[in-house]
Amino acid sequence: MKKKLGIIITVLYVIMLAMGNVVGTVNAEPDAELVIISPHWEGIQQEFEAAFNTYYQATYGESVDISWLDVGGTSDDLKYIESGFEVTPEGIGIDVFWGGGVDPYIVLADEGYLEAYQVEADVLDKIPATFAGIPMYDSEYRWYGSALSGFGIVYNKALLKLEGLPTPNTWEDLTDPQVKGWVGSADPSHSGSTHMMYEIILQAYGWEDGIKLATMMGANIKTFPQSSSAIPKSVGAGDIAYGLAIDFYAWSEVAKVGAENVGYVMPDGLTVINPDSIAILKGAPNLEVAQRFLTYVLSEEGQTLWMLPEGAEGGPETYMLGRMCVIPELFEELADVTVVPINPFQVTSTLEYDADLGSSRWSLVNDLVGATIIDSHEDLVSAWSEIIATEKTLAEAGITSDKIEEAKDKLGEAPLTLTEALAAVEEWGDAEVRNQYLSDWHSFALTKYESATDITALARTELTTHIESEKEELETGFATEKEALEAQISALISQHESDLEALETQYEAVIDQVKSEKTSSMYTGLGGGAIVGLIVGFAASYYMSRQKEVSAVQA
């Protein structure tokens, strides 16, 4: 349905172009026109339109009216262009596709939808052919890197301190149970930069481990907006603490709210800095203007626009763009005035990214994330919550359970191997095949999240068993101690009884002795009576005290 809708929109757009009614900045009788489809935000659009117009007027004595076609993010642009060419293979009424990394351009080049154009040598010679193993432009000149983009994690320093959350360094940090509900990511099926980060994770960790990481990260993600620009803004506002972000959106937020409040990290050795490309589309209606625009963007004048603060000579007028240019020498020339905080050509630790692999599975990866993480998000979060709560309870009881790791493995299980995925890529153009995969993946995801919950329940059973075992041990120990105590009491009573018997014998002996003795007048007198009384009183007192001791022990 979406594909048909895209085709209908494209047809209507082409008709509107023919009628001269494209929404944009078209004058009644323009000197020159240019139609660009781009995921770039309004700041880039306005600054390059104004700068190019100034350049074009000075160079060719004409003004250019640029119409910007915005259909969403990079993934949306790619779908729009492909569906358009399916309807009108010779051209879709659009001159330039600009922005969105490298992968979509490799796809379009392979499909034959890009117009080859080799820029002048004095421009091209300043741009390296490759960067960190990634081509900076197509060997057949069908696309060119127009800026460099880094990918990483933007985070709210103040919120991390307030909530006691960890500072991120790698993608794995976003799978920490502590950060559940604090992570943000755009939907990769709409955002090209977000798609790139999921693809980076798959290449950095391998297919199956990458899917597990992406799934556990997805369990911590709060929402999936369509626009990647929304994520740094949400981080800056404190709605979330972490977010997947392309560098210039993150730097823009840092500049707005302050480096003391917001930080940005590109995981060392686990990310890439790659070209953000530009290309002329096949059948471009304004081919010459498109060629001149592409050349301008790649020139030193155009590249400087990325690097300088607003209001600076040669810089943007209103919006800070803050992007890394593709000309290495400009980083040294503009070192004292640039707003770009790093020189990418001096970065040594990056992932060796396979652009061909990434482009080949672009749509498949988007659909995989959509079916197993985004469309199944409620079930994923529920299963993850059970795992977190159970693991915490076990830890508090001093128990470790293999079932917890088993549940995590089940949670992040891949629905197919890398070999199977690459085989599926070959059939991805078949709507029936693709839809069957999507249905199967969604069912697979729901089943595995339920299984992960069941495995977690078994871990809780282990806790119950442990508690019962401890209870039995305590009861056994208590019974043993009780028996020992009773034995001690019995022995003590016996001892006291023996002592009492001896005392009674002594008492009777004294009495008998007193009675049998013939007393003198001293004994029959008052003094003698007193002595006998003392003896008898002492004996009685001793007897009573021993009786109390026995009673106390028995009690």
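Caption draft 1: Broad picture of the environment of Asn156. You can see Asn156 is positioned in strand E7 (residues 144-156). The spacing of Asn156 and Glu260 is 104 residues in sequence and 9.1 Å in space, taken between C-alpha atoms. When neighbours within four sequence positions are excluded, Asn156 is seen to be in contact with Val235, Gly236, Gly238, Ile240, Ala241 and Asn261.

Caption draft 2: Broad picture of the packing of aromatic side chains. For the structure shown, the criterion picks out 25 aromatic pairs. Here Phe48 and Trp98 contribute two aromatic rings whose centre-to-centre distance is 5.0 Å and whose plane-to-plane angle is 85°, an arrangement assigned as edge-to-face. Note that Phe48 is positioned in helix H2 (residues 42-60) and Trp98 in strand E3 (residues 96-98), a separation of 50 residues in sequence. What links up through ring pairs into an aromatic cluster is the set Phe48, Phe52, Tyr55, Tyr56, Tyr60, Trp68, Trp98, Phe293, Tyr296 and Trp306. Residue placement shows Arg292 over the ring face of Tyr60; its charged tip is 3.7 Å from the ring centre. It is Arg323 that lies over the ring of Trp306; its NZ or CZ is 5.2 Å from the centre.

Caption draft 3: Layout of unusual backbone geometry. The backbone of Ala132 sits at a positive phi, close to 50°, despite the residue not being glycine. Within the element layout of this structure, Ala132 appears in the loop between strand E5 (130-131) and strand E6 (134-135). The partly exposed category is assigned to Ala132, whose relative accessible area is 36%. The phi dihedral of Tyr141 is positive, around 60°, even though this residue is not glycine.

Caption draft 4: The pattern of salt bridges, seen in detail. Enumeration according to the criterion identifies 15 salt bridges in this entry. Linking Arg142 and Asp138 is a salt bridge whose minimum nitrogen-to-oxygen distance equals 2.7 Å. Accessibility classification places Arg142 together with Asp138 in one group, the buried group. Two residues, Asp367 and Arg434, come together in a salt bridge whose shortest N-O distance is 2.7 Å. Linking Asp367 in helix H15 (residues 362-374) with Arg434 in helix H19 (residues 431-516), this pair joins segments that are 67 residues apart in sequence. Taken together, the shared-partner salt bridges connect Asp138, Glu140 and Arg142 into one network.

Caption draft 5: Quick look at the side chain of Glu82. Topologically, Glu82 is positioned in helix H3 (residues 74-87). Judged by relative accessible area, Glu82 falls into the buried class, the value being 17%. Setting aside chain neighbours within four positions, we find Glu82 in contact with Val107, Leu108, Glu111 and Tyr113.

Caption draft 6: Representation of the packing of helix H7 (residues 192-205) against H15 in the model. Between H7 and H15, the shortest axis-to-axis distance is 10 Å and the interhelical angle comes to 90°. Classed by the angle they form, the pair H7 and H15 counts as roughly perpendicular. For the pair H7 and H15, contact is made by Gly192, His195, Tyr198, Glu199 and Leu202 and by Trp362, Val365, Asn366 and Val369, respectively.

Caption draft 7: Looking closely at helix H12 (residues 300-307). With six of eight residues buried, H12 lies mostly within the body of the structure. Burial in H12 covers these residues: Gly302, Gln303, Thr304, Leu305, Trp306 and Met307. Packed against the buried residues of H12 are H2, E3, E7, helix H11 (287-298) and helix H13 (328-333).

Caption draft 8: Quick look at the pairing of strand E11 (residues 273-281). For E11, a buried count of nine out of nine residues is recorded, marking the element as mostly surrounded by other parts of the structure. By the bridge criterion, two bridges tie strand E4 (residues 114-115) to E11 in an arrangement that is antiparallel. Among the inter-strand pairings, Glu115 is bridged to a residue of E11, identified as Ile280. The pairing of E7 with E11 spans six bridges and is classified as antiparallel. Across the sheet, Ser149 pairs through a bridge with Asn274, a residue of E11.

Caption draft 9: Examining a negative patch on the surface more closely. Residues Asp110, Glu111, Asp354 and Asp356 make up a contiguous surface patch of negative charge. Relative to the elements of secondary structure, Asp356 occurs in helix H14 (residues 355-360).

Caption draft 10: Broad picture of the nonpolar core. Formed by 91 residues in total, the largest nonpolar core has its most connected members in Trp171, Trp207, Tyr242, Leu281 and Leu411. The biggest single contributor to this core is H15, with eight residues. Judged by nonpolar contacts, the second largest core, of 59 residues, contains Phe131, Ala147, Tyr296 and Val297.

Caption draft 11: Broad picture of the packing of H2 against H12. Two elements in contact, H2 and H12, have axes separated by 11 Å at closest approach and are oriented at 150°. It follows from the interaxial angle that H2 and H12 lie roughly antiparallel. Every pair of crossing elements has a handedness; the one defined by H2 and H12 is right-handed. Along its contact with H2, which presents Ile44, Glu47, Phe48, Ala51 and Tyr55, the element H12 presents Glu301, Gly302, Leu305 and Trp306. For the contact of H2 with H12, the class distribution of residues is six nonpolar, one polar and two charged.

Caption draft 12: A look at the side chain of Asp95. By the element assignment, Asp95 lies in the loop between H3 and E3. Buried and unpaired, Asp95 has Arg292 as its nearest opposite-charge partner, separated by 13 Å. Polar side-chain contacts of Asp95 include one of 2.8 Å to the backbone nitrogen of Val35. Looking at Asp95, its side chain comes within polar contact range of the main-chain nitrogen of Asn286, at 2.6 Å.

Caption draft 13: Main features of the environment of Val235. Relative to the helices and strands, Val235 is located in helix H9 (residues 230-237). Take Val235: its relative accessible area is 0%, and that puts it in the buried class. With 51 residues separating them in the primary sequence, Val235 and Gly184 have C-alpha atoms 8.1 Å apart. Ignoring any residue separated from it by four or fewer positions in sequence, one finds Val235 in contact with Val154, Tyr155, Asn156, Ile240, Ala241, Tyr242 and Gly243.

Caption draft 14: Spotlight on the confidence of the model for the protein. Scored by pLDDT, the protein comes out at a mean of 87, with 82% of its residues at no less than 70. In the model, residues 1-28 has pLDDT below 50 throughout and makes 36 contacts with residues more than four positions away in sequence or in other chains.

Caption draft 15: Broad picture of helix H10 (residues 247-257). For H10, every residue scored as buried is listed here: Asp247, Phe248, Tyr249, Ala250, Trp251, Glu253 and Val254. Residues of H10 that are buried in the fold lie against E7, H9, strand E9 (242-246) and strand E10 (262-265). Count one or two residues on from H10 and you reach Gly258, which has phi positive near 100°.

So, how was this worked out
Residues numbered from 1 in each chain as written. Predicted model: local features only at pLDDT ≥ 70, side-chain atom pairs only at ≥ 80, totals over all residues. Heavy atoms only, no water. Helix = DSSP H or I, 4+ residues; strand = E, 2+ residues; numbered from the N terminus. Contact = heavy atoms within 4.5 Å. Phe/Tyr/Trp six-rings, centres within 6.5 Å; stacked < 30°, edge-to-face > 60°. Lys NZ or Arg CZ within 6 Å of the ring centre and 35° of its normal. Buried < 20%, exposed > 50% of the residue type's maximum accessible area, 1.4 Å probe, protein only. Salt bridge = Lys/Arg side-chain N within 4 Å of Asp/Glu carboxyl O. Axes fitted to C-alpha atoms, helices over the stretch in contact; angles between N-to-C directions. Parallel < 35°, antiparallel > 145°, perpendicular 65-115°, else oblique. Pairing = 2+ DSSP bridges. Patch = residues over 30% accessible without salt bridge, like charges linked within 9 Å, V, L, I, M, F, W, Y side chains within 5 Å. Areas by Shrake-Rupley, 256 points an atom, 1.4 Å probe, with all protein chains shown as cover. Lys, Arg positive; Asp, Glu negative; His and termini not counted. Charge placed at Lys NZ, Arg CZ, Asp CG, Glu CD. Core = buried A, V, L, I, M, F, W, Y, C linked by side-chain atoms within 4.5 Å. Left-handed = near helix turned anticlockwise from the far one by under 90°. Nonpolar A, V, L, I, M, F, W, Y, C, P; charged D, E, K, R; others polar. Polar contact = N/O pair within 3.5 Å; in protein donor to acceptor, adjacent residues only side chain to side chain. pLDDT = per-residue confidence, 0-100.

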